[in-house]
Amino acid sequence: MGDRPDNSRLALAGGRAQLGGMGFRVFNRGLRWAGYLLLLVVGAYAAVLNLPGVLFPYHVTEGRLRLYSDQPIQGAGPVLRDAQRRIETSPIDDRRPHTVAIANSEWRRKLVFTIQGGAAGVNYYPLTGVVYLRRADIGQNQLYGASGRPAAPPRTLSYYMAHEITHSLTGEHLGIARLWNRRLPQWVREGYADYVGVGGRTDVADLYRREKAGDPDLSFARTHTYAEFRLLAAYFLQDQGWTVDQLLASTLTKAQAQAAMEASPPKL
Ligand SMILES: [Zn+2]
């Protein structure tokens with residue numbers, strides 16, 4: 001008699017435990033299906049990114065660069081040759097074909113840029129080796145920024161092509177052990193892409209002088225352009241004689257890199 005309340009409590013608790021277990025199993029199964037669905041969506045998205053011809057019906061090939069666009073392409077030869085010449089200034093150029101796609105229509109741009117709405121270009125390496133750029137006037141070698149205005153020199157369309165392809169080249173060069181290029185300090189990742197983007201060798205002293213004079217183009221905080229990082233990359237590569245591998249292995253923060261440059265500034 002005395003133990004009956006305990007027994008019923010036990011029975012109740014057991015019932016709850018059983019119900020809880022069933023609920024957990026249902027939840028678990030739901031989670032697994034959500035996981036499959038997510039994989040399917042990511043897989044389908046990666047497939048679309050890897051097959052630019054699906055969304056971008058026009059294409060031309062020049063040298064080892066192929067260009068896709070959602071509009072008829074004219075006058076791309078010199079731009080593609082210029083972009084290839086720029087990436088060939090890099091010792092980590094893989095000498096293999098590369099593909100660029102220009103998204104002129106807003107819906108295509110939104111689809112391929114996703115959350116990177118303000119970017120001029122996107123690189124999803126290693127998910128795809130195809131790099132995507134914003135609306136451009138190919139004949140004028142110009143790319144239109146998020147503001148709707150053409151990007152200012154030296155940022156031509158061929159600059160953007162070479163910049164984005166350089167992200168693929170660093171990712172390929174560093175490989176999975178370095179999480180492709182995801183773990184590079186921003187000043188190294190963007191500084192080197194910018195350095196190759198403008199065609200390699202840079203007038204370091206001129207950039208340094210402009211930075212000291214307060215040129216907004218040399219301030220990432222003010223303009224979100226990468227010339228400030230390019231100056232640091234160029235300083236170490238040219239003035240300090242670093243190899244590209246040394247640059248890509250650097251763990252200096254931007255502040256530390258800047259301090260090192262201030263301690264032994266480029267000769268003006
Ligand atoms: Zn970049």
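Residues numbered from 1 in each chain as written. Predicted model: local features only at pLDDT ≥ 70, side-chain atom pairs only at ≥ 80, totals over all residues.

1. Thoughts on the environment of Leu65
With respect to the element layout, Leu65 can be found in strand β2 (residues 65-69). With 23 C-beta atoms counted inside 10 Å, the residue Leu65 sits in the buried group. Remark: the alpha-carbon pair of Leu65 and Thr225, spanning 160 residues in sequence, is separated by 25 Å. (Helix = DSSP H or I, 4+ residues; strand = E, 2+ residues; numbered from the N terminus. Buried ≥ 20, exposed ≤ 12 C-beta atoms within 10 Å, placed from the backbone.)

2. Observations concerning the domain arrangement of the protein
Taken domain by domain, the protein holds domain 1 (30-181) and domain 2 (184-268). Contact residues are listed per partner, giving 15 residues for domain 1 and twelve residues for domain 2. For the side of domain 1 that touches domain 2, the secondary-structure elements that each account for two or more residues are α2 (77-87) and α4 (157-174). Of all the elements, α4 adds the most residues to the side of domain 1 that touches domain 2, at seven residues. Within the side of domain 1 that touches domain 2, the residues separate by chemical class into seven nonpolar, seven polar and one charged. (Domains from an automatic or database assignment. Contact = placed C-beta atoms within 7 Å. Nonpolar A, V, L, I, M, F, W, Y, C, P; charged D, E, K, R; others polar.)

3. Overview of helix α8 (residues 227-239)
Compared with an ideal rise of 1.5 Å per residue, which puts 13 residues at 18 Å, α8 spans 17 Å between its outermost C-alpha atoms and is within 8% of the ideal. Extensive coverage of α8 is indicated by the burial of eleven of its 13 residues. All of the buried residues along α8 are Ala227, Glu228, Phe229, Arg230, Leu231, Leu232, Ala233, Ala234, Tyr235, Phe236 and Leu237. Phi turns positive, to about 70°, at Gly241, one or two residues after α8. (Expected span 1.5 Å × (residues − 1).)

4. Regarding the pairing of strand β3 (residues 98-102)
The element β3 is largely enclosed, with a buried count of five among its five residues. Inspection of the sheet shows β2 paired to β3 by five bridges, in the parallel sense. Looking at β3, one finds that Tyr68 is bridged to Ala101. For the handedness criterion, the β-α-β arrangement of β2, α2 and β3 is classed as left-handed. Inspection of the sheet shows β3 paired to strand β5 (residues 131-133) by three bridges, in the parallel sense. Opposite Val100, over in β5, you have Val131 as the bridge partner. (Pairing = 2+ DSSP bridges. Right-handed = clockwise from strand over helix to strand, strands pointing away.)

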